[in-house]
Each structure stands twice: as C-alpha cells, then as structure tokens.
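Notes for the structure review
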Amino acid sequence: MQVSIACTEHNLKSRNGEDRLISKQNTTTPNVVNAARAKFRTVAIIARSLGTFTPQHHISLKESTAKQTGMKYRNLGKSGLRVSCLGLGTWVTFGGQISDEVAEQLMTIAYESGVNLFDTAEVYAAGKAEVILGNILKKKGWRRSSLVITTKLYWGGKAETERGLSRKHIIEEIVRAMTHVINQGMAMYWGTSRWSAMEIMEAYSVARQFNMIPPVCEQAEYHLFQREKVEVQLPELYHKIGVGAMTWSPLACGIISGKYGNGVPESSRAALKCYQWLKEKIISEEGRKQQVKLKDLSPIAERLGCTLPQLAVAWCLRNEGVSSVLLGSSNPEQLIENLGAIQVLPKMTSHIVNEIDNILGNKPYSKKDYRS
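Residue numbering note: each chain is counted from 1, following its sequence as written. Owing to the predicted nature of the model, reporting of local features is limited to residues with pLDDT of at least 70; listing and counting of side-chain atom pairs is limited to 80 or more, with chain, interface and lining totals taken over all residues. The side-chain numbers reported here are obtained from all heavy atoms of the structure, hydrogens and water having been left aside.

**A short note on the packing of helix α4 (residues 100–112) against helix α13 (residues 332–339)**
Stated formally: Each axis is a line fitted through C-alpha atoms, and for a helix only the stretch in contact is used; angles between axes span 0 to 180 degrees, taken between their N-to-C directions. Note on conventions: DSSP H or I runs of at least 4 residues are helices, E runs of at least 2 residues are strands, and numbering of each starts at the N terminus. Roughly parallel covers angles under 35 degrees, roughly antiparallel covers those over 145, roughly perpendicular covers 65 to 115, and oblique covers all other angles. Crossing chirality is assigned from the near helix's rotation relative to the far helix, an anticlockwise turn below a right angle marking it left-handed and a clockwise turn marking it right-handed. Contacts: residue pairs with any heavy atoms within 4.5 Å of one another. Gly counts as polar in this scheme, as do all residues outside two lists: the nonpolar Ala, Val, Leu, Ile, Met, Phe, Trp, Tyr, Cys and Pro, and the charged Asp, Glu, Lys and Arg.
The contact between α4 and α13 brings their axes to 9 Å, and the two run at 20°. Regarding the angle of α4 to α13, the classification is roughly parallel. As for how α4 packs across α13, the hand of that crossing is right-handed. Counting all contacts with α4, which are made through Val102, Gln105, Leu106, Ile109 and Ala110, the residues of α13 involved are Pro332, Leu335, Ile336 and Leu339. Here the contact of α4 with α13 is composed, by residue class, of eight nonpolar, one polar and no charged.

**Considering the side chain of Ser249**
The cut-off we apply is this: The classification of residues rests on relative accessible area computed with a 1.4 Å probe and restricted to protein chains. Under 20% of the type maximum is buried, over 50% is exposed, and intermediate values are partly exposed.
Relative to the helices and strands, Ser249 resides in the loop between β10 (244–248) and α10 (276–283). On the basis of relative accessibility, which here comes to 11%, the residue Ser249 falls in the buried class. The residues contacting Ser249, other than those within four sequence positions of it, are Glu221, Tyr222, His223 and Leu326.

**Observations concerning the pattern of salt bridges**
Put simply, the rule reads: Each reported salt bridge corresponds to a side-chain nitrogen of Lys or Arg within 4 Å of a carboxyl oxygen of Asp or Glu.
Counted according to the given criterion, the structure contains nine salt bridges. A salt bridge links Lys139 to Glu104; the nearest nitrogen and oxygen atoms lie 3.1 Å apart. Residue Lys139 is located in helix α5 (residues 128–140), and its partner Glu104 is located in helix α4; the two are separated by 35 residues in the primary sequence. A relative accessible area of 60% means that Lys139 is categorised as exposed. Across the pair Glu355 and Arg303 runs a salt bridge, and its minimum N-O distance is 2.6 Å. Note that Glu355 is positioned in helix α15 (residues 350–360) and Arg303 in helix α11 (residues 285–304), a separation of 52 residues in sequence. Among the residues examined, Glu355 registers a relative accessible area of 23% and is labelled partly exposed. Of the residues examined, Arg303 reaches a relative accessible area of 48% and is grouped as partly exposed. Connected through salt bridges with shared partners, the residues Arg227, Glu231, Arg318 and Asp357 form a single ionic network.

**Description of the nonpolar core**
Quick note on the threshold: We define a nonpolar core as any set of buried Ala, Val, Leu, Ile, Met, Phe, Trp, Tyr and Cys residues linked to one another through side-chain atoms lying within 4.5 Å.
Grouped together as the largest cluster of nonpolar side chains are 92 residues, with contacts concentrated most on Leu86, Phe94, Phe118, Leu224, Met348 and Ile356. Here this core gets eight residues from one element, more than from any other, and that element is helix α12 (residues 308–317). For Phe118, the residues in contact, after removing those within four places along its chain, are Leu88, Met107, Ala110, Tyr111, Leu133, Leu147, Val148, Ile149 and Thr150. Listed in part, the eleven residues of the second largest apolar core include Leu81, Leu117, Val148 and Met246.

So this is what it looks like as structure tokens:
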C-alpha cells in the first residue's frame, strides 16, 4: 500500500519548521523559505496497493516478529486498513542526514520489528527520500501488499504545473481528486494532514453531498507539548465521521530526547544553520521551561525502567484515538530505542498518565470537560 499527501495553499503562519521544508530547499534565501513555509499546508493520504489486496489477509508481517516486539496493529480511523501503531518517517533523514546504507538499515530494523507503515513526501530531500525508500523496497523484495507507504503532495517541482493541486498535478480539488484515484483502482483510502477540524468536516460534507469518498484519517503533530488538536478536536471527528489520527514528531524534533538539557550540542540537528528556528525555540524562555519539565519526567521513566524518549512515545500511543505514531531516526540505535516504547505501553496506567499531566500542566479541556 502506498500513501500520497496533497497540500493546499492557505494563509498559515510560519512556526518552527513543522512545515517540513528540507534538504535542497534549505539552500534558498530565508525569505523564500519562509514564504514557502507559509504555504505548505495540508496533505491528503492515499493508500494504494501495487499488488493483489485481500482485506482478510492484509497483515502479512511474520507473526513471530510481532510477538517478539509486541507490535500492535490498529485500524486507521474507522476504515478497514490496519497499520502498525509505530511507523517510520523519512523527514530530514533519508536523502539528507543519513546515507542510503543507514536508511536501508533503519527500514530493515523497522520491518523486522513489525512496522508496516513508512512515511515520506515528494518535498523531502527534493524528491530523494521517495526514491531511496522505493529503491530499498525493490532491493529487499518485501511483498508490496504487506506495506503502507505515505507521501505528501504540493511542492513537487519548480514549475507551476509541478506543484499545487491543479487538475494537471492531482486532477482537481482534493475530494474529487481522491475519489477519482480510488475509483480508478489506484487507491483504497485517503486522508488529510494538518487540516483544521472545520476543513475536514467540510471535505466530509462535500463527499457526502456529491456521492464521493470522504477522508479516513488526519496526520497531525502530537507530543508532550502539543496536545490540543489530537486530544480535543480529533476525538469528536472520530466519533462523528470516523476520521482517525496518524501522528508525527513524538519527540518534538528531538527536544524531548533530552539531548538539549544543557544547551545545543554541536553535533545536533539544532546546531545546523538551516535549523536555526529549532535552536531559537530550544533556547527561548518557553524552551527552557520545557527542559525543566523533561527533567521532572525523568524519574518516572526510571521508575518504569525506560528512557525518556520511550516514555514520550508510549505516552502518545496510550491515546486510543491514535492509529499510528510516526518515528524519525538518524541511526539504528535510536530507532531500536524508540521501538522499545511498545514494551512501555502496558505500564502507562491512569496513575502514571495523571502524574505526567501534573508535571506538564498543559492538559487541554474540551467543552464536555467544562460542562462536567
């Protein structure tokens, strides 16, 4: 299965680089990059099978591997598509921060650990990430129907006809385009990323009004310091229209890893010139407060017999509305550590979650909470 992401253009304020503009685009001037970030917006996900797809047998990873890792598989929203609760992302790493050999090692570790979801985008490393991922899949010879690959559309090239969501680029408007792709047998599901709840509901309404196919999931940022959307807005959409959550950046671009507790190491991502925005965020007053909270969380991790990153990933997974959490790793050791969060998940009791909430002090409240 393959997943593609389509972006629409909105007036979105540039934040911290979550817009995922990377690699070759980093060589452009700051003004150009900032303008591009302001436009990089939404994504539509297409699950496409390049082989024969039989729903009742769509989980084909070795059962022994799943038993060894305790990997769990969840439905993507209320659709029938089953995905591993941990996926592997390629932002920054594939085609940029790591070599092709390391990329293959990471994919192999993930696959053998029960991961069936791999995320990329046409803008990652100016298209190299998609090529590298595809070459690895071809080399490994894994059955294509056993995997779900996600990618994002919009910044496909420099020409006007190579980016955006025009009919030339991806048929027409998003809902009609995704419906067309699915009706042509090229896809089975589609979803969104970084859409507001109102936009998702509008897409659903359009689909129902014109007898088209609605989205099944939303890809959103979610971690200890970013909670509102996934914990308040998306649950309501899940119960109303069946849209699930596929989340990314569980370690907040490495901030939660603990490596920035005493400043910005020279070998870290935040030390790179193109990640000045991340460095500024870390050394800001808010960033210093976050580091203090992370230190307060460390005793909980020690008590549970895990690392801080494992605790953070398990905390994301404990949310029943999350179908899958996308991991980003630059080396095998880091990936293996993050995959170990599966073993921590059973330890995330309500008491532990409440203890974490008390330290963070940022638990969002829905209208239902206020009414009660």
